[in-house]
Amino acid sequence: QGRFRISHHALDRTVREAISNPNDHKTLGALRPLSSAVVESLSLALKMPFKRYVEIGRVAFVTYGKEYGRLVVIVDVIDQNRALVDSPEMVRGQINFKRLSLTDIKIDIPRVPKKKTLIDAMETADVKNKWENSSWGRKLIVQKRRASLNDFDRFKVMLAKIKRGGAIRQELAKLKKADVA
Amino acid sequence: GSSRPFHKYETDNVFLRSSASAARGSVGGEEREGGDDDLKILDMVVFRFHQYQVVGRALPSAIDEHPKIYRMKLWATNEVRAKSKFWYFLRKLKKVKKSNGQVLAINEIFERKPTKIKNYGIWLRYQSRTGYHNMYKEYRDTTLNGAVEQMYNEMASRHRVRYHCIQIIKTATIPSKLCKRESTKQFHDSKIKFPLVFKKVRPPSRKLKTTYKASRPNLFM
């Protein structure tokens, strides 16, 4: 039924007190939805291994479908499975979490911002550079480059690999000789 | 002519377009940002259920020169079915059949703001194995068609009720304060935050799917 459940006995006492809400009579004993502050404290108290959260402003990478490879920002959460997602080159739309991979980058935006606000926030947070300098981003750039090589480029890569291999082996041979001697 | 709505359908303003101009736009109607056409649109969901407005009346006859015109908003997969459903309901309410009536207009109704998340309340009447029941369900979605589709799917899964056994009485956009169900209310948090706990990364296209894999998947986000 779409609730993020944490078993009661697993919780730290202080955190449990923070969560329990005397006004909540209708929820069949299940926990009230957790506010972000509680999630943070949970994460520290329980040492939850989650570092990337679905939240407003989280930058995500689309991993399936027509929009594969695009970086989008989560601007609102529709329900347990879907988020409203936006990007400077895209009309705001909904997407399933199954099609997203969360990144480490988070920007500061109000809920469902105007396009201009979104673009400004992305500029100040410098999402593009952060992404391209992150290891994930760099790997993608390399993948793209490799995929776009033509035959001559691949020939050049082959020669470069042979050259590099030769240089490594030379150094290794030197070290071996020094070791023996 | 006078059109008296006999079914209280959702009263918020719905953006109406004739079916012809609808063909020009795309399914579901998406927002064009400032007339910028090279903005990409996310995989637009093709709705199974479309919302139609059907307007019809009995044929004018010697007894009644100007019969009352009735309008109805309903959900159907296509226009033909919408007209059929219109007569089905109208027959139950007034003494008129398709054979002595005429449909004056049928227009598809599109979502006015398909990028705004709304809470939809749907009142329905369905037939179970033992009788008829009324129900009120809430859904959180960007479009009414999406919410209706969710409703049909949920009724089928939870109650084994199929499409033809469900009659939508009323739909409405509910402001967050008035939502009744916990499962929609739990998303009414401006600082909502949760981790994706179980994440199976799937191949980016179905072509790259394989039955066997060399290594077990890493489910951690």
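Residues numbered from 1 in each chain as written. Chains lettered and ligands numbered in written order. Predicted model: local features only at pLDDT ≥ 70, side-chain atom pairs only at ≥ 80, totals over all residues. Heavy atoms only, no water.

## A short note on the overall build of chain A
Broken down by element type, chain A carries 6 helices and 6 strands. For chain A, the succession of helices and strands along the chain, N to C, is α-α-β-β-β-β-β-β-α-α-α-α. Long-range pairs, those at least 24 residues apart, make up 49% of the contacts in chain A between residues at least 6 apart in sequence. Summed over its atoms, the accessible surface of chain A is roughly 11700 Å², and 54% of this surface lies on carbon and sulfur atoms. (Helix = DSSP H or I, 4+ residues; strand = E, 2+ residues; numbered from the N terminus. Contact = heavy atoms within 4.5 Å. Areas by Shrake-Rupley, 256 points an atom, 1.4 Å probe, with all protein chains shown as cover.)

## Quick look at the pattern of salt bridges
Applying the stated rule across the entire model yields 18 salt bridges over all chains. As a salt-bridge pair, D86 of chain A and R92 of chain A come within 3.7 Å of each other at their nearest N and O atoms. A salt bridge links K185 of chain B to E182 of chain B; the nearest nitrogen and oxygen atoms lie 3.9 Å apart. With K185 of chain B and E182 of chain B both in helix α4 (residues 182-185), this residue pair falls 3 residues apart, about one helical turn. (Salt bridge = Lys/Arg side-chain N within 4 Å of Asp/Glu carboxyl O.)

## A short note on the UniProt feature "domain: Large ribosomal subunit protein eL20" (unreviewed entry) in chain B
Residues given the UniProt feature "domain: Large ribosomal subunit protein eL20" (unreviewed entry) here are residues 50-171 of chain B. For residues 50-171 of chain B, the end-to-end C-alpha separation is 14 Å, with 25% helix and 43% strand making up the annotated structure. (UniProt positions renumbered as here; feature names shortened; annotations may be inferred.)

## Comments concerning helix α2 (residues 79-93) of chain B
All names here are of chain B. Spanning 15 residues, α2 covers 21 Å between terminal C-alpha atoms, matching the ideal 21 Å at 1.5 Å per step. The complete set of buried residues in α2 reads A82, F86, W87, F89 and L90. Close packing links the buried residues of α2 with β3 (50-58), β4 (69-76), β5 (101-110) and β8 (166-174). (Expected span 1.5 Å × (residues − 1). Buried < 20%, exposed > 50% of the residue type's maximum accessible area, 1.4 Å probe, protein only.)

## Re the pairing of strand β6 (residues 118-127) of chain B
All names here are of chain B. Where burial is concerned, most of β6 is hidden: 7 out of the 10 residues are buried. Note: β6 against strand β7 (residues 132-141), 10 bridges, orientation antiparallel. By the bridge assignment, R125 is partnered in β7 with N134. Linking two consecutive strands that pair antiparallel, namely β6 and β7, is a turn of 4 residues. Two strands pair when backbone bridges link them, and β6 and β8 are joined in this way by 8 bridges, in the antiparallel orientation. Residue pairing for β8: Y120 is matched across the bridge by T173. (Pairing = 2+ DSSP bridges.)

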